[in-house]
Amino acid sequence: KEQGLSIMNRHRNQQEQQHEQQLQQFAKWKDCVQYMKEKSIYLIGVEIDETSKSLDDEYFDNPDLFVATHPPTDIGILMGNEGLGILPKFLEECSALLRIPQYGVGTASLNVNVATNIVLHRFSIWKRSKLRKARN
């Protein structure tokens, strides 16, 4: 059974130089996918897979990551279930996959909350760096 899906949109108000956030909710995955396509949201899945690339310092700067002729204006990050990962029907919609490098022996998965924070932290560092470069 599918559960509700949500997407957080962040819009910049040019006059006030502030950011507005809007939450979009979808009852069905197909509606969420359609919305992402309409808005050109580039979906990155976090999954341990033979095609996933390691999340390192340069992950978001990799020119092979964005296969479109220009980088997307919006990026979506899809986290999988702690036990099962991302289901195949969701993986099909991902434009890229990343994995969080782990060292040592033991479990191959992280708590989804911890994994989400690692990915979003790395993404925010990259985004701030891009904004600083654009200002200079």
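Described in the following lines is the structure provided in the data block.

About the thresholds
Residues numbered from 1 in each chain as written. Predicted model: local features only at pLDDT ≥ 70, side-chain atom pairs only at ≥ 80, totals over all residues. Heavy atoms only, no water. Helix = DSSP H or I, 4+ residues; strand = E, 2+ residues; numbered from the N terminus. Buried < 20%, exposed > 50% of the residue type's maximum accessible area, 1.4 Å probe, protein only. Contact = heavy atoms within 4.5 Å. Areas by Shrake-Rupley, 256 points an atom, 1.4 Å probe, with all protein chains shown as cover. Pairing = 2+ DSSP bridges. Axes fitted to C-alpha atoms, helices over the stretch in contact; angles between N-to-C directions.

**A few points about the overall build of the protein**
And then number 1: In terms of helices and strands, the protein carries three helices and six strands.
And then number 2: Along the protein, helices (α) and strands (β) appear in the sequence β-β-α-β-β-β-α-β-α when read from the amino end.
And then number 3: In the protein, buried positions account for 27% of the 136 residues.
And then number 4: For the protein, restricting intrachain contacts to residue pairs at least 6 apart in sequence, the fraction spanning at least 24 positions comes to 64%.
And then number 5: Of the roughly 9,900 Å² of accessible surface on the protein, 49% is carried by carbon and sulfur atoms.

**Digging into the sheet that holds strand E5 (residues 74–79)**
And then number 1: The four strands are arranged E4-E6-E3-E5 in an open sheet whose pairing can be described as parallel. For this open sheet the edge positions go to strand E4 (53–54) and E5, each flanked by a neighbour on one side alone.
And then number 2: Pairing geometry for E4 and strand E6 (residues 96–99), over two bridges, is parallel. From the neighbouring strand, Lys53 faces E6, where its bridge partner is Leu98.
And then number 3: With respect to the sheet, helix H3 (residues 112–135) is in contact with strand E3 (41–46), E5 and E6, its orientation differing from that of E5 by roughly 160 degrees.

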